[in-house]
Amino acid sequence: MTDLPRYEYMKLADAIATDISSGKLPLGAALPGERAMTSLYSVSIGTVRRAVVELRKRGLVATLPAKGTYVIAMPEPPADAAEGNSAAE
């Protein structure tokens, strides 16, 4: 079941979430504008908009009208990674 193709907006949302968790986009950082992201990631503006909606659903970003989209939280580590950390303590 993991061989199913993923939607482009989900791939983009995951890539941005990875940038957030790695610190490339720290808390409070502004995401590039929609048009900039279309060039940066070679996707359509619709894909960018759906990816931002997905990131808002995940609670990672907030959008302020006429101001931009900002990182407000770090992604949760995967459940298996959390189990591994508690066993090491």
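Shown above is the structure to which this text applies.
Reading the values: rules and limits
Residues numbered from 1 in each chain as written. Predicted model: local features only at pLDDT ≥ 70, side-chain atom pairs only at ≥ 80, totals over all residues. Heavy atoms only, no water. Buried < 20%, exposed > 50% of the residue type's maximum accessible area, 1.4 Å probe, protein only. Helix = DSSP H or I, 4+ residues; strand = E, 2+ residues; numbered from the N terminus. Pairing = 2+ DSSP bridges. Contact = heavy atoms within 4.5 Å. Axes fitted to C-alpha atoms, helices over the stretch in contact; angles between N-to-C directions. Parallel < 35°, antiparallel > 145°, perpendicular 65-115°, else oblique. Left-handed = near helix turned anticlockwise from the far one by under 90°. Nonpolar A, V, L, I, M, F, W, Y, C, P; charged D, E, K, R; others polar. Salt bridge = Lys/Arg side-chain N within 4 Å of Asp/Glu carboxyl O.

**Overview of the pairing of strand β2 (residues 68-71)**
Where burial is concerned, the two faces of β2 differ: the one with Thr69 and Val71 is buried and the one with Gly68 and Tyr70 is not. Where strand β1 (residues 61-64) hands over to β2, the hairpin turn is made up of three residues, of which Ala66 adopts a positive phi near 65°.

**Considerations on the environment of Ala13**
Take Ala13: it is sitting in helix α1 (residues 8-22). Sequence-wise, Ala13 and Arg50 are 37 residues apart; in three dimensions their C-alpha atoms are separated by 8.5 Å. Each residue touching Ala13, except ones within four places of it in the same chain, is listed here: Ala51, Glu54, Leu55 and Arg58.

**A closer look at the packing of α1 against helix α3 (residues 45-57)**
Here α1 crosses α3 at 55°, and the two axes come no closer than 8 Å. Considered as vectors, α1 and α3 are oriented oblique to each other. With respect to the hand of their crossing, α1 and α3 are arranged in right-handed fashion. Judged by residue contacts, Glu8, Tyr9, Met10, Leu12, Ala13, Ile16 and Ala17 of α1 engage Thr47, Val48, Arg50, Ala51, Glu54 and Leu55 from α3. Each residue belonging to the contact of α1 with α3 can be placed in one class, and the counts come to nine nonpolar, one polar and three charged.

**Considerations on the pattern of salt bridges**
In total, this model carries five salt bridges according to the counting rule given. A salt bridge links Arg58 to Asp14; the nearest nitrogen and oxygen atoms lie 2.7 Å apart. Placement of the pair is Arg58 in the loop between α3 and β1 and Asp14 in helix α1, with a sequence separation of 44 residues. Taking the shortest distance from any N to any O, the salt bridge between Glu54 and Arg58 comes out at 3.1 Å. Of the residues examined, Glu54 reaches a relative accessible area of 15% and is grouped as buried. By relative accessible area, which is 32% here, Arg58 ends up partly exposed. Salt bridges sharing common partners tie together Arg6, Asp14, Glu54 and Arg58.

**Here we look at unusual backbone geometry**
For Ser42, which is not glycine, the phi dihedral falls at a positive 55°. Within the secondary structure, Ser42 is located in the loop between α2 (34-41) and α3. For Ser42, a relative accessible area of 65% translates into the label exposed. Positive phi outside glycine occurs at Ala66, with the angle close to 65°.

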